[in-house]
Amino acid sequence: MFIEGEFVDALHGATMPVFNPFNNSQICEVSSAQAEDIDRAVEAARRAFSEWKRVDAAERGELLLKLAVAIEQNAEELALLESRDTGHPLRDARNLDVPRTARCFRYFGGMADKLEGFLPPVYPGFLNYVQREPIGIVGQIVPWNFPLMFTSWKLAPALAAGNCVVMKPAELTPLSSLRIAELINEAGFPPGVVNILPGFGSTAGVRLAEHPDIGKVSFTGSTETGRNIVRMSAGNLKKLQLELGGKGANIVFDDADIDKAVKGSASAIFHNQGQACIAGSRLILHEAITDEFLEKFIPLAESIRLGDPLDPLTEMGPLTSKAHQERVIDYCKIAVEEGGEILTGGKVPDHPALANGCFVEPTVVRARPTDRACQEEVFGPFVSVMTFASAEEALTIANDVSYGLGSGIWTSDLQRAHRVAGELHAGMVWINAYKIVHPGSPFGGVGQSGYGREMGFEVMREYTQPKSVWVNVDANIPDFYQRPAT
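The structure displayed is predicted, hence computed values, not measured ones.

Trainee: For this particular structure, what's the right way to read the packing of aromatic side chains?
Mentor: Describing an aromatic ring pair means giving the distance of the ring centres and the angle of the ring planes. Applying the stated criterion across every chain, the model contains 14 aromatic pairs. Summarising the aromatic geometry, the rings of Trp153 and Phe443 are spaced 4.8 Å apart at their centres and angled 70° between planes, so their arrangement reads as edge-to-face. Taken as a pair, Trp153 in helix α5 (residues 147-160) and Phe443 in the loop between β18 (428-431) and β19 (446-447) lie far apart in primary sequence, 290 residues in all. Take Trp153 and Phe443: they sit in the same class, and that class is buried. Taken together, the ring pairs connect Phe146, Phe150, Trp153 and Phe443 into an aromatic cluster. For Lys216, the ring lying beneath its charged end belongs to Tyr463, and the centroid distance is 3.6 Å. Over the ring of Phe253 we find Arg416, and its NZ or CZ is 4.1 Å from the ring centre.

Trainee: For this particular structure, what's the right way to read the nonpolar core?
Mentor: Note that soluble globular proteins tend to have their nonpolar side chains buried in a common cluster. Grouped together as the largest cluster of nonpolar side chains are 112 residues, with contacts concentrated most on Phe270, Phe293 and Phe297. When residues of this core are assigned to their parent elements, the largest contribution, nine residues, is made by α5. Apart from residues no more than four positions distant in its own chain, Phe297 is found in contact with Val262, Ser265, Ala266, Ile269, Phe270, Leu283, Val364 and Val383.

Trainee: Teacher, can you tell me more about the layout of surface pockets here?
Mentor: Size it by volume and the largest pocket reaches roughly 910 Å³. Lining the largest pocket are 37 residues, and of these Trp144, Phe219, Gly221, Ser222 and Thr225 lie nearest its centre. When contributions to the lining of the largest pocket are tallied by element, the ones reaching two or more residues are α7 (201-210), β9 (216-220), α8 (223-232) and α11 (322-337). Element by element, the count of residues in the lining of the largest pocket is highest for α8, at six residues. Here the lining of the largest pocket is composed, by residue class, of 18 nonpolar, twelve polar and seven charged. As for the second largest pocket, its lining consists of 26 residues, of which Ala266, Ser267, Phe270, His271 and Lys435 are closest to the centre.

Trainee: Help me out: how do you make sense of the pattern of salt bridges in this one?
Mentor: Oppositely charged side chains are able to pair whenever their charged atoms sit close together. One pass over the full model with this rule turns up 23 salt bridges. In this structure, Arg47 and Glu4 form a salt bridge, with 2.7 Å as the shortest nitrogen-oxygen distance. In this pair, Arg47 sits in helix α1 (residues 35-52) while Glu4 sits in the loop between β1 (2-3) and β2 (6-7), placing the two residues 43 residues apart along the sequence. You can call Glu4 partly exposed: its relative accessible area is 30%. The salt bridge partner of Asp37 is Arg40, with a shortest N-O separation of 3.1 Å. On the criterion of helical spacing, the pair formed by Asp37 and Arg40 is a turn pair, its members being three residues apart in helix α1. Classification of Asp37 as buried rests on a relative accessible area of 0%. Each member of the salt-bridge network shares a partner with another, and the members are Glu4, Glu43, Arg46 and Arg47.

Trainee: Is there a simple way to think about unusual backbone geometry in this case?
Mentor: Leaving glycine aside, a negative phi is the common case for residues, and trans is the common case for peptide bonds. Despite not being glycine, Gln273 has its phi angle at roughly 60°, a positive value. Residue position: Gln273 is located in the loop between α9 (258-270) and β12 (282-286). At Phe379, a residue that is not glycine, the phi angle is positive and equals roughly 65°. Mapped onto the elements of the fold, Phe379 is located in the loop between α12 (372-375) and β15 (382-388). Residue Phe379 is classed as buried on the basis of its relative accessible area, which comes to 16%.

Trainee: Help me understand helix α6 (residues 175-187) in this model?
Mentor: Side chains that are three or four residues apart share a direction in an α-helix, a result of its 3.6 residues per turn. Compared with the 18 Å implied by 1.5 Å per residue over 13 residues, the 19 Å span of α6 between its first and last C-alpha is a close match. In terms of residue burial, α6 counts as a mostly covered element, since ten of its 13 residues are buried. Among all positions in α6, only Leu175, Ser176, Ser177, Leu178, Arg179, Ile180, Ala181, Leu183, Ile184 and Ala187 are buried. Immediately beyond the C-terminal end of α6, within one or two residues, lies Gly188, with a positive phi of roughly 100°.

Trainee: Help me understand the side chain of Lys154, please; the structure alone is not making it clear to me.
Mentor: With respect to the helices and strands, the residue Lys154 is situated in helix α5. Here Lys154 falls in the buried class, since its relative accessible area comes to 0%. Within the structure, the side chain of Lys154 is placed 2.8 Å from the side chain of Ser218, a separation counted as a polar contact. Each residue touching Lys154, except ones within four places of it in the same chain, is listed here: Gln140, Ile141, Val142, Met167, Ser218, Phe219, Thr220, Glu454 and Tyr463.

Rules behind the numbers
- Residues numbered from 1 in each chain as written.
- Predicted model: local features only at pLDDT ≥ 70, side-chain atom pairs only at ≥ 80, totals over all residues.
- Heavy atoms only, no water.
- Phe/Tyr/Trp six-rings, centres within 6.5 Å; stacked < 30°, edge-to-face > 60°.
- Helix = DSSP H or I, 4+ residues; strand = E, 2+ residues; numbered from the N terminus.
- Buried < 20%, exposed > 50% of the residue type's maximum accessible area, 1.4 Å probe, protein only.
- Lys NZ or Arg CZ within 6 Å of the ring centre and 35° of its normal.
- Core = buried A, V, L, I, M, F, W, Y, C linked by side-chain atoms within 4.5 Å.
- Contact = heavy atoms within 4.5 Å.
- 1 Å grid on protein atoms, 1.4 Å probe; cavity = no way out; pocket = protein on both sides within 12 Å on 5 of 7 lines; lining within 4 Å.
- Points joined across faces, edges and corners; volume = space filled by probe spheres on them.
- Nonpolar A, V, L, I, M, F, W, Y, C, P; charged D, E, K, R; others polar.
- Salt bridge = Lys/Arg side-chain N within 4 Å of Asp/Glu carboxyl O.
- Expected span 1.5 Å × (residues − 1).
- Polar contact = N/O pair within 3.5 Å; in protein donor to acceptor, adjacent residues only side chain to side chain.

Below, the structure written as C-alpha cells:
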C-alpha cells in the first residue's frame, strides 16, 4: 500500500490475492488495509494538507499535467496491467481506458487555477466575497469495473481543488491504481498528498466512511453499499458523493437510423462485458421496428468474439470475478422463471479455451417491464427487450425504475428527442449515441443512482466548500449597546 510517498506493508501483515479473470490464475498478492492502516494514511494526509492547501493552484495543475504525460509514456504497461487484472479486452484498455485516464488528469490540471469566487450584491457599505476552499482530507472508493479510469476521475479533481486523498481501490482490481501511485511519486507530488490502500470494503471501506477526520467520501459502486456509507458517515456528518447503480433505458423510435441504432445499442450494453453503471441494459423498441431491429441486433450479439483479453482480436473478455459470473447466470434463470424469453445467450460459453474464465455469452432477453430482469441491475452482458407504441408509453417504461443514471434516444425527430430527453428521469441522456463521456461534462444520476457529480466544473464544487467573507467598507453599524450618558 502507498502511504506518505512510500510503499509499505499493512501494519499486521494482512494480504489478499489478485486473480486474472481469464483463467482464474493468481497474479500476485497485495497488502490488505485494516482500520489501523487507514488511520495511518489519514494522519499522513493531515500532515500534508497544511502545506498542500497553500501550494499555488497553477503548481498543483502542473503536477497533474506531468502525471498525464507519465501515463501516456507508460500507456502500454498500464493497458496490459488493466487487461490482466479486469478482463477488459486489450484493445479497449489501449484505445479507451488509458487515453481517458490521461485526458482526465490533463483536464483537471488545466482546471486547477480556474476555480473562481464571486461577489454577491449585498448592503451598501459592505463588500462580500465568496471563495471556495478545499474540504481537506477526502476518502475515495474506486469500483472494480474501470479501476484505472475511475482512479483519475476521483484523484484529479480532488487534487486540483487542493485536497489530500486516501483512496481504496477495489479488492478485485487494485493493480493499476498502485501503478498510478508510482507515477505520482515520479511526477513529484509531496508525500502524503495521495495515499492508496487496497483493502476490503468491510474493513478499509468501513473505516473510510466512519473516520472522523475525513471530510468527504466519494464512492462509486452498488446502491446497497452506498446506503451503508450514508449510515456510517453520520458520525461526523461528512460530505458524500455517491455514483451508484443504473438500469439505462435505451429507446429506439420508428424513425431512427436502424443500422446506427443497432451498433450503438450493442456497444451500450456489451462494451466491457456490460459491467458499466451507465450500460443501456433496457432496450425499449417501437413496435413498428422491433422485428427489423432484432433481426440485426441478435446476429450482431452472437458474432461478438469472446476470448483472451490480451488477444487484439478479442471483442469481449471475461467478467471480472467468478462470483459476478454466477450472479449474471442467476439472472438468466430468473428471467425464464418469470416468463421471459432468452432470444440469445443466457449461458456460459462451451468453448474449451474459455472454460476456466469468468465468461457469459452476450444475452438478449424479452421480458415485461415489471420483471426483475427489467427492474434490477444485472451488471453484465445482459439486455432486456420491451416494446412501446407511443412516446408517452416509452417514457412510462423508461421512468418506471428506481434508478436514474443514463438513458439513450434514437430518432431523427430532434423536437421529439429534446422533449423526451427533458422528461427522462436520468442524470445523463444521449441522443443518437450512447455512453459518451468527457472530463468536461458532469457525470452522475438521480434517484437510487446516487447524488453529486463526477467530472466537469460541477465536481470542483463537490471537492470544495464556499466561505463567505464580509468587509465593512463604509457602513454605519447601529451600536446596540449604546447607553445614555449619566
